[in-house]
Amino acid sequence: MSTPTPAAMKHAASQQGRTPSGQQGRTPSGQQGRTPSHFPAATPPVSTPFSNAAYAAFSPHGQRSSPQHVKKSPATLGLIGQSAIASLNFDSPSTAAAMGALVMGNGFDIGLAGVAGLDGVNSAYANEDEKLRRLEAIIKMLNEKKGMVSEAGLERLAQRLGMEILAEEHSTPGGRKTKTLAIAGSAIALDIVLDNNIVQNATLSYHGNADSVTNHIDAASQILLKDLQLLPGQSPLTKTLDRFAMNFERLAKLDKLSIIPGLDCHEALSSMYSCLKRLHEWDMEQLRQSPALTGKPDSLIASAVMCTRHGNPVMHERGQVGLALQYWKVARFIAPPAGKENSNTSKVWSMLLGCAAIDGVGLPPVRVSETWISKDIVKQDEMTDSSIPALDWQEPDHVSLPASEENKDASMDMLQPDLSTTRVPRVMFTATFDPPVILPQSEWGRMYNIAGVEPPNDFHRQPPTFDVLFFPVTPGSRQDPSEARTIVRRRELPMINTYNDSLLRTHESSLFIYKPIYSQKISELPFAHPRQLIEMLPVLRQYAFLSTLLERSFGRDDTSAVESNVASSTQENGIEESDTSTMKDQLADFMNLEETSSKATDGLPINIPADLSLDVILWVHPSPHMQVVFPMRDTTANITLGILENGLVQIIHENVLGEAPGPVKEINGSNVTREQLAKVLEHLEDLSKWAEWIRSRL
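Every value quoted in this text rests on a predicted model; they were computed, and no experiment measured them.

### Points about the packing of aromatic side chains
Enumeration over the complete set of coordinates arrives at eight aromatic pairs. Residues F244 and F248 carry aromatic rings whose centres are separated by 5.4 Å and whose planes lie at 10° to one another, so their mutual orientation is stacked. Here the residue F244 and the residue F248 both occupy positions in helix α9 (residues 242-257), the gap between them amounting to four residues, near one helical turn. The class for F244 is buried, based on a relative accessible area of 1%. Measuring from centroid to centroid gives 4.9 Å for F470 and F471, while their planes differ by 65°, and the two rings are edge-to-face. Classification of F471 by relative accessible area gives buried; the value is 6%. Among the aromatic residues, those joined into a cluster by ring pairs are W372, F429 and F527.

Structure below.
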């Protein structure tokens, strides 16, 4: 089948007339009704439920009814069952009270906002804004379900995305009938071949002129095909469209935002990828010459570039369609096995770069250029002995759209440095954080300042705290943000001692939060230039490593962490748990013993004695710090550490290595310093494993 071009699949202008709800105040015959001076004895008939303005008050999108409109509407009089002897006067307290009782008794809300004496009634029922909010919430919940992989499911998805779709049947040499669905937009088209609602093939094509997009179109096509095909042993009844819809929606969104001719959003992102890739290749060459990485495999060098330099840009990788800038990963110091360098087993933090419509003031428009950074990468006239050379970022020209009636709504005027104006697209770049990053309020605002945009303000609610965002409070429980909070985790930890013996040790780790810090979860952010993203990376890595450390040490789900509010006191050598309790508390603990024991964390009942008790105090302001306390032979180890930008660990205080100067301690003929202790934690990414390493070697 020949794929229809986007130009040949344009919808004609909609000929649909106004809906009945839009004909407010009209009689069934279509003539404008006149308001009589006296009410008639009976309510005039209506042909549709919302053709009368009084009934339109019940429509979620109906007009706001004024008091004068309600008290003069014949339908309203008939609706509330009042006689037509005389007009009602809502200024009378007795009438207002009677009317309020009737409204409350029948459970109706007929839009009497502002009527004297009925303020209490209206406050008990949702107004029209609340109805719209609830309706939008229902629509959003229904949109989350994308349906199943089938011909009907794909057609509904294409219609929801505003894409054109055509279907055509074919006969195979064996006599079977297959169907090809062609889904097309302005610049892309997707042909899907189905055999009895089972996808056999999917081919993505690009109809633009940008070679930078064409070079990556096959990779995107393979991802979409994999999202639609059945897995080995999977039933067609369980194959959903969720993964495919998430990827195809990105392409459809770029397609709808493009303005042809003038702006191709696909080209804008692929050109940015070309610039970021040149920067990545320059970073790789610089680290290959580093003495610390000489002779190391490229996978470790690429991991170092991702986590310490300017990130790793990828296009259509790890099952995601689109451009992403990767900046952190788990186990970054461990090289993958041979032949599995491109495996997707390790968790990776990245920013998915896309486009969105500008719906505010002061947001920067999108630009299309392959010269975001110069070909030399660094400024030649500023090359010094500094380990951080200055990058030679450029400022590309803005996209200038032709002044036409078609571009009027999709463009806006922008003032140039020479005080002239030009028409630029009403489209901006966006960065979606995958996964979202939890930041203190100050660092969250700093990200918006780097991007040059105003952070959103929500004055109607109190910001959440860092610990609540990372360890959500159990539904139904009440947690005062001003109170101390304790997170407890028990697990079996495999380890190898100094004699290379494999052991299993039971750990009970307790995380204490004494100073809750208001924080925000950053999920999406507009930006104007890729250098802004590069400037954000050190802080993002700092809190990505903190997230990894907390998740590995204390877990994040209900099966690996339990919460308790235990009174505790801080001493010089660590944290001591208070054992004071009443007889009533002891009885409650005894009655809940069986239930609590079944709440085994990582499969371990909490009444089994732990081999190691690890206490950690966390505070994240002005920067992430931890105090780690655990038993160590005949003493107690007490270590205070900080997590710096780029995910580096700094030992601030410790009592395990010895006194100054140094402090150092000899292990197997070599000296251990604080810097080495910090590097061990960076490698292990787990406080429990780190404590066992220290206990077994010091």
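### A word on the sheet that holds strand β12 (residues 427-440)
Taken together, the five strands give an open sheet; going across it, the order is β5-β6-β7-β12-β15, and neighbouring strands pair in antiparallel fashion. Two strands in the sheet have a free side with no partner beyond their single neighbour: β5 (312-317) and β15 (519-527). Averaged over all adjacent pairs, the angle separating strand axes in this sheet is 30°, with direction ignored. Note that β12 and β15 share eight bridges and pair antiparallel. Its bridge partner being in β15, I438 is matched across the sheet by K521.

### Section: the sheet that holds strand β1 (residues 164-171)
Taken together, the four strands give an open sheet; going across it, the order is β1-β2-β3-β4, and neighbouring strands pair in antiparallel fashion. The sheet is open, and its two edges are formed by β1 and β4 (198-206), each paired on a single side. Sheet twist, expressed as the mean angle between neighbouring strand axes with direction ignored, is 20°. As paired elements, strand β2 (residues 177-184) and strand β3 (residues 188-195) share six bridges and run antiparallel to each other.

### As for the confidence of the model for the protein
Should the pLDDT be low somewhere, the predicted coordinates at that spot are not to be read in detail. Taken as a whole, the protein shows an average pLDDT of 77; of its residues, 70% reach a score of 70 or greater. For the protein, strand β18 (residues 574-577) is the element with the lowest average pLDDT, namely 31, and strand β6 (residues 320-329) is the one with the highest, namely 97. Every residue in residues 558-600 is under pLDDT 50, and counting partners more than four places away or in other chains gives 59 contacts.

### Structural notes on the nonpolar core
Of all hydrophobic cores here, the largest spans 105 residues; its most connected members are Y327, M351, L353, L550, M626, L687 and W690. In terms of residue count, the dominant contributor to this core is helix α14 (residues 530-554) (13 residues). When residues no more than four places from it in sequence are discounted, the contact partners of L687 are L549, S553, F554, L614, V616, M626, V628 and L681. Residues I188, L194, L224 and L241 belong to the second largest nonpolar core, which totals 32 residues.

Thresholds applied
Residues numbered from 1 in each chain as written. Predicted model: local features only at pLDDT ≥ 70, side-chain atom pairs only at ≥ 80, totals over all residues. Heavy atoms only, no water. Phe/Tyr/Trp six-rings, centres within 6.5 Å; stacked < 30°, edge-to-face > 60°. Helix = DSSP H or I, 4+ residues; strand = E, 2+ residues; numbered from the N terminus. Buried < 20%, exposed > 50% of the residue type's maximum accessible area, 1.4 Å probe, protein only. Pairing = 2+ DSSP bridges. Axes fitted to C-alpha atoms, helices over the stretch in contact; angles between N-to-C directions. pLDDT = per-residue confidence, 0-100. Contact = heavy atoms within 4.5 Å. Core = buried A, V, L, I, M, F, W, Y, C linked by side-chain atoms within 4.5 Å.

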